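Summary of the model geometry
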Amino acid sequence: MAPNLPFSLSPHVCVLSSPDLQELLDNASLPPLPRILQSFVPLAQGMLLLYPLVTAPLMFNTRTTTLTSVPHASFALRFSDLTEVESAVHEDEEQRAGRMLDWIGSRVAAQSARWVEMVESSFTRPDDPWRNRTPWWDEVKRCIQGDNVPNRVEGWNHPVSVICAVSTFAANPLQALQDMHSRPLDFPPWVDNTHLRYSLIVHPSNSPLSDSIAESLVNAVKKQFGLHTYLLSVSLPPVPPLRPIASPVPRLPPLSTMELSPVPTSDIPAGISSMLPGPTTPSNKPATLTPNAPGTPSLTVQPGTPSQHPQSPVPLRGNTLALSDNDIQQFSRFVREFVVMSVLPWMEKCVMEWNESYSSSRRLPSRLFSSTRRLFGTGYSSAPVSSPGTPTPGHGNNPSLSSVSSRFSSSHAPNSSVSSMASITSLSSLSTAAASIGSVTQQRRLAEFATILGDYKLAITVWESLRKDSKGGSDILPLLVSPSPALSLHASNSINALHAIAAELPAWAQLRALVYGVRWEIGVDPREFIGKILEGDRWLVQASGAAEEPPTALLLGHAAFLSAKKGARRRSALWYLQAADRLEKAGIKPLALYFFRQAHELYKAPAIRWDELSPSFWDSEGQDASDWRGFGAVLPGIEHELGRLLYTTGDTVNAVRYFLGLLRASDVPKSVLPSGLGLTSNNSSLDDNFSPTDRVYLEDFRVALKHFRTNESTEWDAVKDSLQLPITFCRAKESRLRLPGDAVVGEPHSWKILEEEWEQFWRPRGRERLEQGGKAAVNEPFWYDLVMRNPLNVDVSLCRLSLVVKEADAAGVVSASDFVTVEILDDITLGVNETRTIPISVKCSKPASLVVTHATYEFLSLLPITESIAIRGKRLHDTPQQRQNKMYAPDVLTTIEVEDAGLRLQAHFVDDRHLILMHGESKQMDVTLLNTGSKAIGELWLLTGLYDEVWLDKNEACSSSAAGAPVDVFRSINSLAPRTPLRISLDAELAPNSMLQLSLIMHAAHVSEHDLSLLLVFRESNGQAFRSARLTRHYEVRQVLQLSTSYEPSRSTRDAYLVNIDIENVATTGDIRISQITTMSPSWFCAPVTQYSHEKIPPRQLSRIAFTAQPLPQREQAEESRRFLRGQLRKVLQGTPVPPINPPAVDLQCSHILQVNRFSQDSEPLSLNDTVTHHFIHASKRMFATRATAAAHPHIPSRDHPHIFPLYEPNSVDIVFFWDIPSQGRSGHLLVSGLALGAKHAFLRELIEEAENAKVKRSMYAETERERVEVLGAVRNSEWNAEMDPLIISVQDGLKVEHDFKQGPCAVPVAFAMRNQSLTHTIRYTLRLSNAQTTQSGFLLLAPQYIGRLTHKGELQPSETAVVMAKISARNAGCYALDSWTAGTDVLELSKDGQLQRRIVRQRYEQVPQAGDYSSVTVVDMSKA
């Protein structure tokens, strides 16, 4: 497929018209001859001429250097006025390039508003003409295509031919032609003078010369100037028909007229000029004509305004041509013959001759000589001079730009006499830079001519040669070579050559980059250009560089347009942003607004296609697929720019909407905020810090809204209800309703739990119900504590803050103002990210059910806002539809019941300051109760929270243990049953307006922040319903001690276990004194290892205390607890109801490990049977056991736990630590549970086997069977069913024996202490000794050689100890390891076989020395001593 070359790469033909010909065309109302000829190109096969009925089928073929015919579907030419080109070429190239860029920018700025309106209005049409192109880019292409002034970088605009045109109205046409042929071309030296001279004689029908004389004139001209001569006979009737033509290509006006008319109306396309305001400005000449250039978009032609030329017999109209059908045929025939008979053969001849010179120069000897000349120079020029009559290809008039001295030599023929200060200035300033990116040499002209003629094989070879020599060509190769990744390198090379000129590109380099981008976009196939191989949109971005001119911004904009077409949305949005930023700086606001909107839409689009994700993805992420807000790191910057531009252009309402949308809390980290546009405000960048961003947004919103509200009141009234903040200040979940006498009301679910506990407690005692609590009274104020948080990083002010309070069955968002009074607050300022609780009082004058639905306020005292304070309902999962789709329960509103003040009670703490307690501290608090109702209170109960340990002080005498007794007995009900409500004894009825003082003691049992929730239930008398009052106090518990315990079997035969306690003071407030440590256990008696004298632990210090444990002789209560558990669990495993009976009570033996005499030497230890201490210890133990049981047995209902599991496990040991801080006057105690001593023997094994072997009814539900298996597994793994080897073996370690080995080997005695750690079973042991060659200690110790009896057997009763003696034969002195033994254990129990009892083995174990046990005996040789 042949390349689609841009129109700007077609042959350039200059026309020199005589004055008589110009006068002839003016009288005929025709434009100059170059513009007439331009309307007849490009020539195409079966070309349709201007008149629809006239067609001229034609075939264009050119020849390559190998004489291969190349067909051309069309062939374009560019006709220009020679005098205009000569005048323009002498202008400084930098100045002209700057004017060119400014001229393109001014044209775009003048039409951008209409363009944007036109594109946006046709966007929704199915036949959108701007789907694949944009009018502003079309305008840039037309302006670049219209440039016809030669430059020193390339030769496309250098004239290929010069037509000397005269008319037969001249006094002497032959002399006129001779003058024009002898006229030197006023071009700078660097313009290639190789061109074809052509003679044209226009012979009108009213000419004074006859046709025969005209023919004779033509023959004379051919003899004198050559065969390239043509006689054009035209009629030029006085009233010819008007023929519509295409819109003209705009061209840069001359420097003298630039200021008068930077954007000539005649140069505006008709399809766009019809949209411009006002009539078209008349012109003194007909409209400029345009060639139907390949790739130029076709625009609709509209007639213009008639010209007022005094000599025009026919009114002129824009984009029309006044020619008859015969004249059209004559002009068409001339253009066709000029191309086919003259231009193409001449160019082919030039290519043949230049190719011979090029081929010879590429041979090795020629290349060596050319390198010598390039390195050492030459003193003469051997290039031939072109003759005007016989144009011979040659480049003597266009020397290489690398040699400055040869530019002004005598070899320049007629151009040597032409001088220009402008051209010399341009030459001196740009010669080096131009040479670095290319120059017009014979080799380059060969490549250009071969490209025009279609000899692409030769053209590509020459262009590649030029590229390798760094003389250009990289910009043309992408148009000729098949698409490949190498083309991107060619494009980058051409752009990099421009950027290498200077850090800041000059205007002519920016223009060159723009020309490259236009050519690539036109000449490369669109599908390949934006494909994955080429990615031509990146070429345009490289061509735009960092310049901030409007044309380069449009390069970026078109690159973004192409990227959006192929789906690269993020890249397209980025380039749209950059283009919009540059256009805004250039003052082209309509187009900048359009680009900002395009970038905004692209950044709001999701990064991936949502339909490609599974629907379950959104459920797992907890998000909605439609809840996509776009790229949050960039969108605020874009929206701010849109708002500022809209405000400056007068669109205030939309500017306010954009500014309002910016006031939102960002979910993007500060490291990526704000947008990267580098926006500034007051000459300070907003990219340095994120915090000023919200301040700028808020200030712009305030200014715009104030202007809008003040100056556009009518429109403000219409849109004020639709303006809503994208952020919320109210936090409904944290806001609470507060009644008189209440502090901060606790969590609603905690009060619900307490009310359910009361109902469960009172149900067996009576039928009186508990009426709903938390009700307000008539004419009594209550408060809604509204929690507000400022999500912005700037202070905001709110005024007229109030609530919408209405009846529960009322509709709308209007308060019931006739009987409800709501407070209105003014001047509320919220700081940066500040959270504040604002109480708003409400008073109701009659009994009603009220709901609080909304909060109302005025934002910045300008924008009225109504914000909902409803809490979204919970997620529903009841039905399959609810589980498959997100469905929520109705929103939850804050409700309050207002009733008559009959029976009411207010409670508050006497000291309600912030309370900070230490872990385990006991704090006394006073509560005041006030009867604010009109009736007396005769019965009063107190309920505390589930995990609150509270004692109601009744001033009762506290019992204590016997004086001087070392051991106390702590009697426990041994039940997990929760605490019951406490009845407050009243000496008499609490009359109205009477007060009652209560004293409470609270124990801080858990480290954290808590709310002490107290529910007071009361009534007037028996048989009446109960009412309730709530009391809450927030407190914080801090850790003061870090406690840890560990135990190991005792090596002493007197004690069973050695227990270590590590006590660390983690507080930093001061020394902590451990005043007493007491142990409690149903089966163990504990005693300190030694008497401890230290009593204070400094901050961050650790203290260790050790004590021993011995089994108690009486353990009948432990067996009762086991039997109770077994019987209740059998019910559970059999699936029968559990009878509601409580476990048997248990007596715990208390041993005082540590006691500090705080007052005197004779002071007694603190008794655990003290009423308050007993209550708190039982509550702490019950809380610990309840949580552990619920975690271990989740499938057994928690209501059955108190009737199944005893509170104390028989082998457990609990430790109570009493502490105090003398410097602060604080004291308390801590309970450490979870320590179990002694061996267990799978007490529930038979029960589990019975359940596993039982024949149960099969269920059709797999969940039931699975739950039964999990219940059985939980019982098997519970602490009640644990088992271990009860035999503990201790070897006498460290024995040292002295012996004289001269008398023979030494028999060393070794003692093995055997202890039965079981409290319930007898064991039978077997100790086997073996003589091994090695030990587990390796080479550190010698292997023992046991002698005598090697197998020892025996029985041990529960907790019994026995010593087995053995001997080791030591033949040498050394350390002998005491290992190489194996012990077997049989756990025995009695089994009933009928009337007889026999012992059977319950479990069997076997053990060896533990790894790392290096017990040894040392034998010393006395003979060597």
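Because the structure is a prediction, the values reported are computed rather than measured.

Overview of the overall build of the protein
Per the secondary structure count, the protein includes 32 helices and 55 strands. Within the protein, buried positions represent 51% of all 1425 residues. Taking the contacts inside the protein whose residues are at least 6 apart along the sequence as the reference set, 77% of them involve residues at least 24 apart. Summed over its atoms, the accessible surface of the protein is roughly 66200 Å², and 51% of this surface lies on carbon and sulfur atoms.

Examining the nonpolar core
Leu-803 and Phe-859 are the most contacted members of the largest nonpolar core, which totals 199 residues. Phe-1107, Ile-1153, Leu-1154 and Ile-1215 belong to the second-largest nonpolar core, a separate cluster that totals 32 residues.

Observations concerning the packing of aromatic side chains
For the structure shown, the criterion picks out 30 aromatic pairs. Plain terms: the ring middles of Trp-520 and Trp-539 are 5.6 Å apart, the flat faces sit at 75° to each other, and that makes the pair edge-to-face. Here Trp-520, found in helix α16 (residues 507-523), pairs with Trp-539, found in helix α18 (residues 536-544); they are 19 residues apart in sequence, far enough to count as distant. Here the two residues Trp-520 and Trp-539 agree in accessibility, since each one is buried. One aromatic cluster is present, built from ring pairs that chain together Phe-79, Tyr-198, Tyr-230, Phe-334 and Phe-338. Over the ring of Phe-819 we find Lys-846, and its NZ or CZ is 4.3 Å from the ring centre. Over the ring of Tyr-888 we find Arg-872, and its NZ or CZ is 4.0 Å from the ring centre.

Structural notes on the pairing of strand β18 (residues 782-789)
Within β18, 6 of the 8 residues are buried, leaving the element largely enclosed by the surrounding structure. Where β18 meets strand β22 (residues 835-844), 8 bridges bridge the pair, whose relative direction is antiparallel. Each bridged residue has a counterpart across the sheet, and for Tyr-784 the counterpart in β22 is Ile-840.

Some words on the pattern of salt bridges
Where charged atoms from two side chains of opposite charge approach closely, those side chains can pair. Under the counting rule described, the total for this entry stands at 62 salt bridges. Residue Asp-525 pairs with Arg-527 through a salt bridge whose shortest N-O separation is 3.4 Å. Classification of Asp-525 as partly exposed rests on a relative accessible area of 26%. Where Arg-571 meets Asp-537, a salt bridge forms, and the shortest distance between an N and an O atom there is 3.1 Å. Note that Arg-571 is positioned in helix α20 (residues 569-586) and Asp-537 in helix α18, a separation of 34 residues in sequence. Look at the salt bridges and you will find they share partners, linking Glu-154, Asp-192, Arg-444, Arg-445, Glu-448, Asp-475, Arg-512 and Arg-519 into a network.

Some words on the sheet that holds strand β37 (residues 1057-1065)
Ordered in space as β36-β37-β41-β39, the 4 strands form an open sheet in which the pairing is antiparallel. Looking at the sheet topology across the chains shown, the edges are occupied by β36 (1041-1049) and β39 (1084-1088). When the angles between neighbouring strand axes are averaged without regard to direction, this sheet yields 30°. One ladder, built from 8 bridges, connects β37 with strand β41 (residues 1102-1111); its direction is antiparallel. Bridging from a neighbouring strand, Leu-1058 pairs with Thr-1108 of β41.

Comments concerning the sheet that holds β18
Ordered by their spatial adjacency, 4 strands build an open sheet running β16-β18-β22-β20, and the pairing between neighbours is antiparallel. Single-partner strands in this sheet number two, and they are β16 (736-738) and β20 (820-822). Within this sheet the neighbouring strands show an average axis-to-axis angle of 30°, counted without direction. Two strands pair when backbone bridges link them, and β20 and β22 are joined in this way by 3 bridges, in the antiparallel orientation.

Focus: the environment of Ala-665
With respect to the element layout, Ala-665 can be found in the loop between α24 (652-662) and β14 (680-681). Residue classification places Ala-665 among the partly exposed residues on the basis of a relative accessible area of 35%.

Points about the pairing of strand β9 (residues 161-167)
β9 sits mainly inside the fold: 7 of its 7 residues count as buried. A two-sided burial pattern is seen for β9, the buried positions comprising Ser-161, Ile-163, Ala-165 and Ser-167 on one face and Val-162, Cys-164 and Val-166 on the other. Bridge count for strand β1 (residues 12-17) against β9 is 5 bridges, and the pairing is parallel. Within the sheet, the bridge partner assigned to Leu-16 lies in β9 and is Cys-164.

Concerning helix α29 (residues 1116-1134)
The first and last C-alpha atoms of α29 sit 28 Å apart over 19 residues, in line with the 27 Å expected at 1.5 Å per residue. Residues of α29 that are buried include every one of Ala-1118, Ser-1121, Arg-1122, Phe-1124, Leu-1125, Gln-1128, Leu-1129 and Leu-1133, and no others. The buried residues of α29 occupy one face: seen down the axis, they fall within an arc of 165°.

Let's talk about the packing of α29 against helix α31 (residues 1245-1253)
One can describe the packing of α29 onto α31 by two numbers: an axis separation of 10 Å at closest approach and a directional angle of 15°. Taken as axis vectors, α29 and α31 run roughly parallel relative to one another. Here α29 runs over α31; the crossing is right-handed. Along the contact surface, α29 presents Arg-1126, Leu-1129, Arg-1130, Leu-1133 and Gln-1134, while α31 presents Leu-1247, Glu-1250 and Ala-1251. Split by residue class, the contact of α29 with α31 holds 4 nonpolar, 1 polar and 3 charged.

Notes on unusual backbone geometry
Here Val-41 and Pro-42 are connected by a cis peptide whose omega angle stands at 5°. Topologically, Pro-42 is positioned in the loop between α2 (33-38) and β2 (43-44). Residues other than glycine seldom take positive phi values, yet Glu-535 does so here, at roughly 50°. You can see Glu-535 is positioned in the loop between α17 (526-529) and α18. In the Ramachandran plot, Ser-1359 falls in the positive-phi region, its phi being about 65° despite a non-glycine side chain. Checked against the element boundaries, Ser-1359 lands in the loop between β50 (1351-1356) and β51 (1361-1370). According to the relative accessible area criterion, Ser-1359 is partly exposed, its value standing at 23%.

Quick notes on helix α5 (residues 135-145)
Within α5, 11 of the 11 residues are buried, which leaves the element mostly enclosed by the surrounding structure. Burial in α5 covers these residues: Pro-135, Trp-136, Trp-137, Asp-138, Glu-139, Val-140, Lys-141, Arg-142, Cys-143, Ile-144 and Gln-145.

Quick notes on the environment of Ala-1362
Checked against the element boundaries, Ala-1362 lands in strand β51. Ignoring anything within four residues of it in the chain, the contact list for Ala-1362 reads Phe-1312, Ala-1313, Met-1314, Tyr-1325 and Leu-1356.

Quick notes on the environment of Ser-845
Checked against the element boundaries, Ser-845 lands in the loop between β22 and β23 (848-859). Along the primary structure Ser-845 and Pro-781 are separated by 64 residues, whereas in three dimensions their C-alpha atoms are 9.9 Å apart. Ser-845 has contacts with Val-778, Asn-779 and Phe-819, leaving out every residue within four places of it along the chain.

Overview of the packing of helix α9 (residues 325-361) against helix α12 (residues 442-453)
Two elements in contact, α9 and α12, have axes whose closest approach is 9 Å; the angle formed by their N-to-C orientations is 135°. Considering the angle they form, α9 stands oblique to α12. Judged by the twist between their axes, the crossing of α9 over α12 is left-handed. Counted together, Leu-344, Trp-346, Met-347, Glu-348, Cys-350, Val-351, Trp-354, Asn-355, Ser-357 and Tyr-358 of α9 and Gln-442, Gln-443, Arg-445, Leu-446, Phe-449, Ala-450, Ile-452 and Leu-453 of α12 form the full contact between these two elements. Looking at the contact of α9 with α12, its residues break down into 12 nonpolar, 4 polar and 2 charged.

Considering the confidence of the model for the protein
On average, residues of the protein carry a pLDDT of 81, and 82% of them reach 70 or more. Confidence over residues 259-317 falls short of pLDDT 50; this stretch has 124 contacts with residues more than four positions distant or in other chains. Counted against residues more than four places away or in other chains, residues 668-690, with its pLDDT under 50, gives 37 contacts.

Here we look at the side chain of Gln-443
Tracing the sequence through the fold places Gln-443 in helix α12. Classification of Gln-443 by relative accessible area gives buried; the value is 19%. Looking at Gln-443, its side chain comes within polar contact range of the side chain of Ser-465, at 3.0 Å. Aside from chain neighbours lying at most four places away, what touches Gln-443 is Tyr-358, Val-462, Ser-465 and Leu-466.

What counts and how
- Residues numbered from 1 in each chain as written.
- Predicted model: local features only at pLDDT ≥ 70, side-chain atom pairs only at ≥ 80, totals over all residues.
- Heavy atoms only, no water.
- Helix = DSSP H or I, 4+ residues; strand = E, 2+ residues; numbered from the N terminus.
- Buried < 20%, exposed > 50% of the residue type's maximum accessible area, 1.4 Å probe, protein only.
- Contact = heavy atoms within 4.5 Å.
- Areas by Shrake-Rupley, 256 points an atom, 1.4 Å probe, with all protein chains shown as cover.
- Core = buried A, V, L, I, M, F, W, Y, C linked by side-chain atoms within 4.5 Å.
- Phe/Tyr/Trp six-rings, centres within 6.5 Å; stacked < 30°, edge-to-face > 60°.
- Lys NZ or Arg CZ within 6 Å of the ring centre and 35° of its normal.
- Pairing = 2+ DSSP bridges.
- Salt bridge = Lys/Arg side-chain N within 4 Å of Asp/Glu carboxyl O.
- Axes fitted to C-alpha atoms, helices over the stretch in contact; angles between N-to-C directions.
- Expected span 1.5 Å × (residues − 1).
- Arc of directions from axis to C-beta.
- Parallel < 35°, antiparallel > 145°, perpendicular 65-115°, else oblique.
- Left-handed = near helix turned anticlockwise from the far one by under 90°.
- Nonpolar A, V, L, I, M, F, W, Y, C, P; charged D, E, K, R; others polar.
- pLDDT = per-residue confidence, 0-100.
- Polar contact = N/O pair within 3.5 Å; in protein donor to acceptor, adjacent residues only side chain to side chain.

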